[in-house]
Amino acid sequence: MNLLEPLAIFFERTRSDQRISNTHIGIYAALLQYRLERGFCNPVDAITIEIMRIAKISAHKTYYRCLKEMNEYGYLRYIPSKKKNRASKIYFPD
């Protein structure tokens with residue numbers, strides 16, 4: 001798979017989806033970068049603070065809301081960790 005393909009697919013799907021904001025796009029792009037840095041694995045063990053830093057997001061509430069919404073909308077599958085020191089799982093549609 002081409003490394004840019006997941007982002008192209010995301011943009012194609014979101015083009016007509018009015019629910020998606022620039023914050024969703026920033027988080028999704030940050031998740032793809034994070035995934036790339038970890039060998040393009042699926043799922044990604046996502047550390048919240050690291051993703052937020054890449055996406056330039058400072059509000060935890062916004063980050064979690066956007067992840068939950070992208071999960072509900074079918075853009076990714078988000079399995080939150082129940083512990084603060086444990087990574088959440090992010091599955092990308094491949």
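Rules behind the numbers
Residues numbered from 1 in each chain as written. Predicted model: local features only at pLDDT ≥ 70, side-chain atom pairs only at ≥ 80, totals over all residues. Heavy atoms only, no water. Salt bridge = Lys/Arg side-chain N within 4 Å of Asp/Glu carboxyl O. Helix = DSSP H or I, 4+ residues; strand = E, 2+ residues; numbered from the N terminus. Buried < 20%, exposed > 50% of the residue type's maximum accessible area, 1.4 Å probe, protein only. Pairing = 2+ DSSP bridges. Axes fitted to C-alpha atoms, helices over the stretch in contact; angles between N-to-C directions. Contact = heavy atoms within 4.5 Å. Phe/Tyr/Trp six-rings, centres within 6.5 Å; stacked < 30°, edge-to-face > 60°. Core = buried A, V, L, I, M, F, W, Y, C linked by side-chain atoms within 4.5 Å.

Here's the deal with the pattern of salt bridges
Part 1: For the structure shown, the criterion picks out 6 salt bridges.
Part 2: Salt-bridge contacts for Arg 65 lead to Glu 69; the nearest nitrogen and oxygen are separated by 3.3 Å. Taken together, the positions of Arg 65 and Glu 69, both in helix 4 (residues 60–73) and 4 residues apart, correspond to about one turn of that helix.
Part 3: Judged by its relative accessible area of 39%, Arg 65 falls in the partly exposed class.

Overview of the pairing of strand 3 (residues 88–91)
Part 1: By the alternation rule, side chains of strand 3 split into Ser 88 and Ile 90, which are all buried, and Lys 89 and Tyr 91, of which none is buried.
Part 2: Where strand 1 (residues 44–46) meets strand 3, 3 bridges bridge the pair, whose relative direction is antiparallel. Bridge assignment links Asp 45 to a residue of strand 3, and that residue is Lys 89.

Describing the sheet that holds strand 3
Part 1: Spatial strand order, 1-3-2: 3 strands in an open sheet with antiparallel pairing. Each edge of the open sheet carries a strand with a single partner, namely strand 1 and strand 2 (77–79). Within the sheet, the average angular offset between the axes of one strand and its neighbour, ignoring direction, is 25°.
Part 2: When strand 2 meets strand 3, the two strands line up antiparallel, connected through 3 bridges. Paired with Arg 77 across the strands is Tyr 91, a residue of strand 3.
Part 3: On top of the sheet, helix 2 (residues 22–37) reaches strand 1 and strand 3; it is set at about 115° to strand 1, its chief contact.
Part 4: Packing against the sheet, helix 4 makes contact with strand 2 and strand 3, and its axis sits at approximately 130° to strand 2.

Some remarks on the packing of aromatic side chains
The description of two aromatic rings rests on the distance between their centres and on the angle between their planes.
Part 1: Under the defined criterion, the tally for this structure stands at 5 aromatic pairs.
Part 2: Here Phe 10 and Tyr 28 contribute two aromatic rings whose centre-to-centre distance is 3.9 Å and whose plane-to-plane angle is 5°, an arrangement assigned as stacked. One end of the pair, Phe 10, is in helix 1 (residues 5–14); the other, Tyr 28, is in helix 2, and 18 residues separate them in sequence.
Part 3: Judged by its relative accessible area of 2%, Phe 10 falls in the buried class.
Part 4: Taken together, a centroid distance of 5.4 Å and an interplanar angle of 70° make the contact between Tyr 63 and Tyr 64 edge-to-face.

Describing the nonpolar core
Part 1: Core analysis: the biggest nonpolar cluster contains 24 residues, and Ile 27, Leu 31, Leu 67, Met 70, Leu 76 and Ile 90 have the highest contact counts within it.
Part 2: Contributing elements (two or more residues each) for this core: helix 2, strand 1, helix 3 (48–55) and helix 4.
Part 3: Of the residues forming this core, the biggest block, 6 residues, is contributed by helix 2.
Part 4: Residues contacting Ile 27, with those up to four places away along its chain left out, are Ala 55, Ile 57, Tyr 63, Cys 66, Leu 67 and Met 70.

All we've got here are geometric facts, nothing functional implied.
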